[in-house]
Amino acid sequence: MNRQIKYICALFFGSLCAIVSADLLQLPDGFKLTVLTNNVPNARQMAESPSGTLYVGTRDAGKVYAVIAAGDGSVPQVIVVDEGLTMPSGLALLNGDLYVGALNRILRYDDIDSNFHQNPKPSVITDRLPDKRHHGWKYLSVGPDRYLYVPVGAPCNICFSEDDERFASILRMDPTNGTTTVFAHGVRNSVGMSWHPITERLWFSDNGGDMLGDDLPPEEINQVNQSGDHFGYPFIHAGVMKDPRLGHEYNVSDFTSPEIKIQAHSAPLGLVFYDGNQFPDRFQNALFIAEHGSWNRSSKVGYQVSVVMANQNTAIPFISGWLQNEKVFGRPSDLIVSSDGSLLIADDLAGSIYKVSYSSKKDE
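Residues numbered from 1 in each chain as written. Predicted model: local features only at pLDDT ≥ 70, side-chain atom pairs only at ≥ 80, totals over all residues. Heavy atoms only, no water.

Honestly, the state of the cysteines in this entry has me stumped. Any pointers?
Chemically, a disulfide is nothing more than a covalent bond linking the sulfur atoms of two cysteines. Scanning the model with the defined rule gives one disulfide in all. Here C156 is linked by a disulfide to C159, with a sulfur-sulfur distance of 1.9 Å. Across the S-S bond of C156 and C159 the torsion is about -85 degrees, and the bridge reads as left-handed. Given a relative accessible area of 25%, C159 falls into the partly exposed group. (Disulfide = S-S within 2.5 Å. Buried < 20%, exposed > 50% of the residue type's maximum accessible area, 1.4 Å probe, protein only.)

When you look at empty space enclosed by the protein in this model, what are you seeing that I'm missing?
Vacant regions in the atomic arrangement are exposed by a probe of water-molecule size rolled over the atoms. Taken as a whole, this structure holds two cavities of 30 Å³ or more when the rule is applied. As a volume, the largest cavity reaches approximately 50 Å³. Residue lining of the largest cavity: R188, D206, N207, G208, G209, P217, P218, E220, Y233, I236, H237 and A238, and that is the complete set. When its residues are assigned to classes, the lining of the largest cavity shows five nonpolar, four polar and three charged. Approximately 30 Å³ is the volume attributed to the second largest cavity. When the residues that make up the lining of the second largest cavity are grouped by side-chain class, the tally is three nonpolar, four polar and two charged. (1 Å grid on protein atoms, 1.4 Å probe; cavity = no way out; pocket = protein on both sides within 12 Å on 5 of 7 lines; lining within 4 Å. Points joined across faces, edges and corners; volume = space filled by probe spheres on them. Nonpolar A, V, L, I, M, F, W, Y, C, P; charged D, E, K, R; others polar.)

Even after reading the chapter, I still don't get the nonpolar core, so can you show me in this structure?
One broad trend across soluble globular proteins is that nonpolar side chains are buried collectively. The biggest cluster of nonpolar side chains holds 28 residues, and the ones touching the most others in it are F279, F288, F318, I319 and V356. The set of elements that each furnish at least two residues to this core consists of β4 (24–28), β5 (31–37), β26 (287–291), β27 (304–308), β28 (316–319), β31 (332–337), β32 (343–347) and β33 (352–358). If one sorts the elements of this core by residue count, β33 sits on top with three residues. Leaving out residues up to four positions away in the same chain, F318 has contacts with Q26, L27, P28, F31, F283, F288, V305, S306, V307 and V356. Listed in part, the 17 residues of the second largest apolar core include Y149, A184, V191 and F204. (Core = buried A, V, L, I, M, F, W, Y, C linked by side-chain atoms within 4.5 Å. Helix = DSSP H or I, 4+ residues; strand = E, 2+ residues; numbered from the N terminus. Contact = heavy atoms within 4.5 Å.)

Looking at this structure, how should I read the pairing of strand β12 (residues 105–109)?
As a general feature of sheets, a regular strand has side chains that alternate between the two faces. Taking burial as the measure, the five residues of β12 include four buried ones, the bulk of the element. Here strand β11 (residues 97–102) runs beside β12; their pairing, made up of five bridges, is antiparallel. Bridged to Y99 within β12 is R108. Linking two consecutive strands that pair antiparallel, namely β11 and β12, is a turn of two residues; a positive phi of about 60 degrees is found at L103 within it. Pairing of β12 with strand β13 (residues 123–126), which is carried by three bridges, proceeds in the antiparallel orientation. Paired with L107 across the strands is V124, a residue of β13. (Pairing = 2+ DSSP bridges.)

Hey, could you run me through the pattern of salt bridges in this one?
Oppositely charged side chains can form a pair if their charged atoms are brought close together. Tallied over the entire structure, the rule returns eight salt bridges. The salt bridge involving R188 is made with D210; its shortest N-O contact spans 3.4 Å. Residue R188 is located in the loop between β17 (180–185) and β18 (193–195), and its partner D210 is located in the loop between β19 (202–206) and β20 (219–223); the two are separated by 22 residues in the primary sequence. The residues R188 and D210 share a single accessibility class, namely buried. (Salt bridge = Lys/Arg side-chain N within 4 Å of Asp/Glu carboxyl O.)

Honestly, the layout of surface pockets in this entry has me stumped. Any pointers?
Approximately 840 Å³ is the volume attributed to the largest pocket. Around the largest pocket, the lining comprises 29 residues; the ones closest to its centre are S141, V142, V272, I336 and V337. In the lining of the largest pocket, the residues fall into 20 nonpolar, five polar and four charged. The computed volume of the second largest pocket comes to approximately 460 Å³. What lines the second largest pocket is a set of 23 residues, among which R59, W137, H292, W295 and R331 lie closest to the centre. Of the residues in the lining of the second largest pocket, the class split is five nonpolar, ten polar and eight charged.

Have a look at this one:
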């Protein structure tokens, strides 16, 4: 049985935020969703510092935010850390510094917790990444090796670029000087990465090609088994189909296939392995996925948070209700596990940050 939670801030495409009381989100029994703030327009990737300050990037707003929790549980304060940036959607914390991916640049804001309220000026780690805006927004992840991992999307829907091998890849970057090597090839548009808590291997989401049908190709959740793995784009899609124009000379077996396939056009973005201590034990090492939702399908899909339980390979709904009768009330864009074991969700349509907590330690 699902528990229904009122959702207080809804948006239709292209409209302003409005308070509603009739629309409901669905969560499993025992879980509670609260809205931390509705004041982070276009919220994308998040990172939480040891102090509890939440940093949030944006794709279209050009801003980076700091969300400071109030000690009394009231509405957090939201501060603009920087603005006027080009698609600063990706960010990560490393050694107390905030790294931001803004199209072709990786920026570093030193000692961010001490400086976010002082209009800090960043150092430019590199400005030599490809500057194509198509799939140019970034997602950053810090690996176990303390290097940055940075996806560079394909500069098109489906094409092969001979000019720059960094397109349609994930790069491994030295955070001190921006030097990169290609870590994974054949990645069309990844906007989510997480490291498995046990194997320490990189898992990432990848959005499949458009205009190939309502149900093709599946969206991908992939695992990098070794540096240099190739995941098929643009020749093979999701390990199941050859591209009609570019795939004739290739076989599915030539490339690394997805670990998990998700309904086409659901647009999985942020993902995170649950390694907290608040949720029931059955959720330990489960993979939570933010499905941003479709834009080019005859009937909409996605607009939910799904979960893949440990040792399983199928995503099932965890939170749904942002899609009601083909009307959209929110678009999950990223997920992180907070220091208290709760799950934080960014919604770039509503400009909201949600907190999902579990009300009892009793496991069913």
